[in-house]
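A look at the structure
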Amino acid sequence: MRRILLFLFLMNLFIINSYSAEVFNLTVQLGETVKVRSTETLGYGGASRCEITDETVVSSVKVDPYYTYNEEWYITALKPGTATVTYYADKYVKNTYIVTVVELTAISIPSSYVMSMGDKYTFTPTFTHPNATTTLSWTSSNTSVATIDSKGELTTTGIGTTTITCTAHNGVSAQCKVTVNPVLVSSITLNKTEAEMVVGENLNLTATIAPDNATDKSVTWSSTNEAVAVVDENGLVTAVGSGTCQIKATANDGSGKTASCLVTVEKNNKLTVTDMTQCSGGQGVLNVLLSDEETIMGFQFDLQLPTGVTVAEKDGKLLAALTGNAVNTHSIASSKISDGLYRFIVTPQGSRAISNANGDGMTINIDVADDVPTGTYDMTIKDIEMTVKHTGNVFEDIHPKDSKATLTVTEAVMGDVNGDGRVSVTDVISMNSYILEEEPAQFIRKVADMNGDGKVTITDMVQVIDIILGR
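A separate point is the side chain of Ser223. Following the sequence through the fold, Ser223 ends up in strand S21 (residues 219–223). The buried category is assigned to Ser223, whose relative accessible area is 14%. Within the structure, the side chain of Ser223 is placed 3.2 Å from the backbone nitrogen of Asn225, a separation counted as a polar contact. Polar side-chain contacts of Ser223 include one of 2.7 Å to the backbone oxygen of Ala229. Those residues in contact with Ser223 that lie beyond four places of it in its chain are Ala229, Val230, Val231, Cys245, Gln246 and Ile247.

And the structure:
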């Protein structure tokens, strides 16, 4: 029996020493009830009783929840002050809480706060007592401007103002007026800052807005001179008259940010060249067409040709001719400036202007050397100048844009004497003209000599006819 009693005593002593007594400091808001978790350190079953030095300051009750091993105790703050609450597991083991009850009389948050659309902000309220704690609730008077969660995190939802209210458990509250402003445009960049146009031409301008999160990225387009160019709501510019103007994009968000493109408009007087196809060793015709809307007295330009391609000559003169009504009113002067570069000047015979019927212009005979590889090449007329006559014998010098055409060089085909890529009756007629010494404009002698005897005769022409007939 003595051994049994000794064993039980030692076991009880072991259990007692397994749980250490502790002292806790606790601050509680007036009217709050808090759970005392540390009673669980008193061992199996927790505290069985408690003592309170001032029961007018706090009270404490225990709850024995279903399916729990440790009893739970709660402390309720009754009035401001300090009291000591001691929890006992038995007469040897205890936990002590020094409880300070404070009364929350005020909450402090910013009275106003300004945000930008897309921002977030978390409130950090302070209380009248630095150690005070409480359960807070948050509300927004206008959730279309901002919402707030239970942790005080504010999220913007729209532009405007809202009142955020923070309320403690005892009804004490504080408010903050929140203003949400748009993210303003900081800069506008256009895809072009300068542009040259001719009357009737269109140009698409696009505006890139910074920052990417700008609330309103829309712009208003305008022209400083609508007699020169107009612009629609999408940035499509249309040239309507000669001169210069600024096409401007203005941010609609009130930031005052703008961007401009300087537009220079020339009248729709221009020279264009047409694409042509010719075989190696052949001669073709380059067409230069005049489009004019005014009285054109004359014009000049330089023709840039690729290596191995030249302007044909006869008797030391470049082969070029006027077309349309210009044949009767104007004449051509021309010269070779350097390899691949030729200059042509068209001047009036007397005081007559070129007809303003579009399509007048000139032709230039082009030779393609035998060693020019097949492929495509650029031919450009540049440094164009036109003389326009106004009322009162006032002359204006205008400078239309350069014009470019594509030369496609193909393999020479026997019988294709005009170099158009096929053998047809036109080639037969050209051979007949050549035999009669009428000098056709387009004639490739090497493919006309069908029998290779070094001459172009009726025999060669018959062979071309046979090719056409499939003999």
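Once that is clear, we can look at the sheet that holds strand S24 (residues 243–251). Spatial strand order, S18-S25-S24-S21: four strands in an open sheet with mixed pairing. Of all the strands in the sheet, the pair left with one neighbour each is strand S18 (194–198) and S21. When the angles between neighbouring strand axes are averaged without regard to direction, this sheet yields 25°.

A separate point is the pairing of strand S29 (residues 296–304). Among the nine residues that make up S29, seven are buried, leaving the element largely enclosed by the rest of the structure. Two strands pair when backbone bridges link them, and S29 and strand S35 (residues 341–348) are joined in this way by six bridges, in the antiparallel orientation. Within the sheet, the bridge partner assigned to Gln304 lies in S35 and is Leu341.

A word on the sheet that holds strand S13 (residues 146–148). Strand order across the open sheet formed by three strands is S10-S14-S13, with antiparallel pairing between neighbours. Each end of this open sheet is capped by a strand with a single partner; those strands are strand S10 (120–122) and S13. Along the sheet, successive strands turn relative to each other by an average axial angle of 20°, direction set aside. Note: S10 against strand S14 (residues 153–156), three bridges, orientation antiparallel. In the sheet register, Tyr121 faces S14, and the bridge partner there is Leu154.

It is worth spelling out the nonpolar core at this point. With 34 residues, the main nonpolar core has Phe301, Leu303 and Ile364 as its most contacted residues. For this core, the element with the most residues is strand S37 (residues 375–390), which contributes five residues. Sequence-distant contacts of Ile364, that is, excluding residues within four places in its chain, are made with Gly284, Val285, Leu286, Val288, Phe301, Leu303, Val311, Leu319, Ala320 and Phe344.

Approximately 310 Å³ is the volume attributed to the largest pocket. Contributing to the lining of the largest pocket are 15 residues, with Gln283, Leu319, Pro440, Ala441 and Phe443 lying nearest its centre. Among the elements of the structure, strand S31 (313–314) and strand S36 (361–368) are those that each provide at least two residues to the lining of the largest pocket. Of the residues contributing to the lining of the largest pocket, the split by class is seven nonpolar, four polar and four charged.

About the thresholds
Residues numbered from 1 in each chain as written. Predicted model: local features only at pLDDT ≥ 70, side-chain atom pairs only at ≥ 80, totals over all residues. Heavy atoms only, no water. Helix = DSSP H or I, 4+ residues; strand = E, 2+ residues; numbered from the N terminus. Buried < 20%, exposed > 50% of the residue type's maximum accessible area, 1.4 Å probe, protein only. Polar contact = N/O pair within 3.5 Å; in protein donor to acceptor, adjacent residues only side chain to side chain. Contact = heavy atoms within 4.5 Å. Pairing = 2+ DSSP bridges. Axes fitted to C-alpha atoms, helices over the stretch in contact; angles between N-to-C directions. Core = buried A, V, L, I, M, F, W, Y, C linked by side-chain atoms within 4.5 Å. 1 Å grid on protein atoms, 1.4 Å probe; cavity = no way out; pocket = protein on both sides within 12 Å on 5 of 7 lines; lining within 4 Å. Points joined across faces, edges and corners; volume = space filled by probe spheres on them. Nonpolar A, V, L, I, M, F, W, Y, C, P; charged D, E, K, R; others polar.

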